[in-house]
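Descriptive structure summary
In case you want the letters, here they are:
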Amino acid sequence: MLILGGTTEARHLAEALAEDLAEGTATPETRRTLVTTSLAGRVTHPTLPPGASRIGGFGGPEGLADWLRSHAVDAVVDATHPFAERMSFNAAAACAATGTPLLALRRPAWTPAPGDDWHHVPTLAAAAAALPALGRRAFLTTGRTGLAAFAHLDATWFLVRSVDAPTAPLPRQTEVLLDRGPFSLEGERALIREHRIDVLVTKASGGSATAPKLTAAREAGIPVLVVDRPPVPQGVPVAESARAAATWVRARTRDA
Ligand code: NAP
């Protein structure tokens, strides 16, 4: 069983399956290898889930297909971040090529509440194009890898929050805040107040760990630029919780 990870939900799924194995007949040796979580290796000190883990790319869809064959994988759960589009595409291609069942685990998207002023855009580039009309001091929470899209906005001041330090190109006026969620409402309120933020930029990631910034933005009466999610590859079924994904896995691996 392979979990493509990098999210809280992926870790929760690995934990649920580890509990199954602890209750079942697997020996300590086999237990370690029955569920493998794969991480891309983007974060310097990742939180490793229970079970086996591997770190680094597979080498495209063909590399992943080889890995599925050589490890006799019975089922794959793509529990990558909703914006890890390439990995999701590779997983769909590799599973189709090898006949391996595939499920996408995607946390539900956020929905606006009364008082929210959300502006939806399809890409980071579109967010950068829309930003100057909405504010001059932006809280940018879209991750360090997409910062190049904003690098030309010389008149905007940015508070950039990321897990690891971003690399160039960065916007000219940038303050970097290194931090990892979950974030508290109190903390998000303070950031918006202390840095006089007048616009928030976020991906439509969903989940509770990073949702308090949306409440804080609503309270502060500032607009939010929401970069919408790319679609899940066609034909891939979706589960919205680790619990639902665990049920799907159990149905596919019970007799394996
Ligand atoms: P991506 O653009 O979809 O993937 C780029 C390449 O990275 C893939 O082609 C693959 O290399 C490798 N890769 C991605 N996820 C992998 C995984 N779980 N295990 C092994 N290789 C993986 O992905 P990304 O947006 O850079 O995200 C990378 C990781 O960070 C993902 O695991 C994702 O869950 C996590 N993450 C992403 C975001 C985000 O906003 N994008 C936010 C939080 C966490 P090969 O082609 O060589 O196999």
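Note that the structure is predicted; figures quoted are calculated from it, not measured.

1. Here we look at the sheet that holds strand 6 (residues 118-121)
If you trace the six strands from one edge of the open sheet to the other, you get 6-11-10-7-8-9, paired in parallel fashion. This sheet does not close on itself; its edge strands, each paired only once, are strand 6 and strand 9 (173-178). Between one strand and the next, the sheet's axes are offset by a mean angle of 20°, whatever the strand orientation. Across four bridges, strand 7 (residues 137-140) lies against strand 8 (residues 157-162) in parallel orientation. Of the residues in strand 8, the one forming a bridge with Leu-140 is Val-160. Packing of helix 6 (residues 185-194) onto the sheet brings it into contact with strand 7, strand 8 and strand 9, and relative to strand 8 it is tilted by some 155°. Running at roughly 155° to strand 10 (residues 199-203), helix 7 (residues 212-220) makes contact with strand 6, strand 8, strand 10 and strand 11 (224-227) of the sheet.

2. A closer look at the site of the ligand
Lining the immediate surroundings of the ligand are 21 residues, of which Ser-38, Phe-58, His-81, Met-87 and Lys-203 lie closest. In the environment of the ligand, an oxygen atom lies 2.8 Å from a nitrogen or oxygen atom belonging to the backbone of Gly-5. The separation between an oxygen atom of the ligand and a polar side-chain atom of Asn-90 is 3.2 Å. For the ligand, the protein covers 79% of the area, taking 800 Å² as the surface of the free molecule. Every element with two or more residues in the shell around the ligand is listed here: strand 2 (36-39) and helix 4 (85-98). The leading source of residues in the shell around the ligand is helix 4, at four residues.

3. Considering the domain arrangement of the protein
According to the domain assignment, the protein consists of domain 1 (2-108 + 231-255) and domain 2 (118-227). Inter-centroid distance (C-alpha atoms) of domain 1 to domain 2 is 30 Å. Listed by partner, the interface residues are 10 residues for domain 1 and 10 residues for domain 2. Together, the buried faces of domain 1 and domain 2 total about 750 Å²; carbon and sulfur atoms form 48% of this surface.

4. Here's the deal with helix 6
For an α-helix the count is 3.6 residues per turn, leaving residues at separations of three or four pointing the same way. Looking only at helix 6, the buried set comprises Glu-188, Ala-190, Leu-191 and Ile-192. Packing partners of the buried residues in helix 6 comprise strand 7, strand 8, strand 9 and helix 7. Arg-196 sits one or two positions beyond helix 6 and adopts a positive phi of about 50°.

5. Brief notes about the nonpolar core
Judged by nonpolar contacts, the single largest core of 20 residues is most densely connected at Met-1, Ile-3, Leu-13, Leu-17 and Val-77. Counting only elements with at least two residues in this core, the list comes to helix 1 (8-23), strand 5 (102-105) and helix 8 (242-253). Not counting residues within four places of it along the chain, the set of residues in contact with Met-1 comprises Leu-17, Leu-34, Val-35, Thr-36, Val-73, Ala-75, Val-77 and Val-249.

6. Section: the environment of Pro-182
Here Pro-182 is to be found in the loop between strand 9 and helix 6. Overall, Pro-182 belongs to the exposed group, its relative accessible area being 68%. Spatially, the C-alpha atom of Pro-182 lies 8.8 Å from that of Ala-211, the residues being 29 residues apart in sequence.

7. Let's talk about the sheet that holds strand 4 (residues 76-78)
Across the sheet, which stays open at both edges, the six strands sit in the order 3-2-1-4-5-12 with parallel pairing between neighbours. Only two strands of the sheet have a single partner each, and these edge strands are strand 3 (52-55) and strand 12 (238-239). By the bridge criterion, four bridges tie strand 2 to strand 3 in an arrangement that is parallel. What sits directly across from Leu-39, in strand 3, is Ile-55. Its contacts with the sheet put helix 1 on strand 1 (2-4), strand 2, strand 4 and strand 5, and the angle it makes with strand 1 is roughly 160°. Helix-sheet contacts for helix 3 (residues 60-70) involve strand 1, strand 2, strand 3 and strand 4, and the interaxial angle to strand 1 is about 155°.

What counts and how
Residues numbered from 1 in each chain as written. Predicted model: local features only at pLDDT ≥ 70, side-chain atom pairs only at ≥ 80, totals over all residues. Heavy atoms only, no water. Pairing = 2+ DSSP bridges. Helix = DSSP H or I, 4+ residues; strand = E, 2+ residues; numbered from the N terminus. Axes fitted to C-alpha atoms, helices over the stretch in contact; angles between N-to-C directions. Contact = heavy atoms within 4.5 Å. Near = heavy atom within 4 Å. Polar contact = N/O pair within 3.5 Å; in protein donor to acceptor, adjacent residues only side chain to side chain. Areas by Shrake-Rupley, 256 points an atom, 1.4 Å probe, with all protein chains shown as cover. Domains from an automatic or database assignment. Buried area = accessible area lost by both parts, 1.4 Å probe. Buried < 20%, exposed > 50% of the residue type's maximum accessible area, 1.4 Å probe, protein only. Core = buried A, V, L, I, M, F, W, Y, C linked by side-chain atoms within 4.5 Å.

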